[in-house]
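Tertiary structure, described
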Amino acid sequence: MGNLEAQTNLGNIYDDGDGVRASFDKARYWYRRAIARGSPDAAYNLGISYLNRGNARWGTYWLKVARAWGDELADERLVDLGL
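This report concerns the structure included in the present document. Because the structure is a prediction, the values reported are computed rather than measured. (Residues numbered from 1 in each chain as written. Predicted model: local features only at pLDDT ≥ 70, side-chain atom pairs only at ≥ 80, totals over all residues. Heavy atoms only, no water.)

**Re the nonpolar core**
- One finds Tyr31, Ile35, Ala43, Tyr44, Leu46, Trp62 and Leu63 to be the most contacted residues of the largest nonpolar core, which totals 19 residues.
- Elements with a contribution of two residues or more to this core: α2 (24-36), α3 (40-52), α4 (56-68) and α5 (72-80).
- With seven residues, α3 is the single largest residue contributor to this core.
- Those residues within four positions of Tyr31 in sequence are excluded, and the remaining contacts are Thr8, Gly11, Asn12, Asp15, Ala42, Asn45 and Leu46. (Core = buried A, V, L, I, M, F, W, Y, C linked by side-chain atoms within 4.5 Å. Buried < 20%, exposed > 50% of the residue type's maximum accessible area, 1.4 Å probe, protein only. Helix = DSSP H or I, 4+ residues; strand = E, 2+ residues; numbered from the N terminus. Contact = heavy atoms within 4.5 Å.)

**Quick notes on the packing of aromatic side chains**
- A complete count under the given rule lists five aromatic pairs for this structure.
- A ring pair is formed by Trp58 and Tyr61, whose centres lie 5.3 Å apart and whose planes are at 80°; its orientation type is edge-to-face. Highlighted residues: Trp58 and Tyr61, both in helix α4, separated by three residues, approximately one helical turn.
- Every member of this aromatic cluster is reached through a ring pair, and the members are Phe24, Tyr50, Trp58, Tyr61 and Trp62. (Phe/Tyr/Trp six-rings, centres within 6.5 Å; stacked < 30°, edge-to-face > 60°.)

Structure representation (structure tokens):
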């Protein structure tokens, strides 16, 4: 129903396979829905998910979005990556 926290949590559930079959496509869908409404948490989680899959380009992109929205964890992770 448009709840940012619920959308982000659904992304986490599908990303982790917590009680469901893990699906990056479904996780990305829910993260992107939350991101479209301004969720830095979803942008951070999507960035980490991409990095965990070896996709540095999209991982750093979404971490930079999260950092721009004030996410401190994203800033720390980007500093760790030398960005």
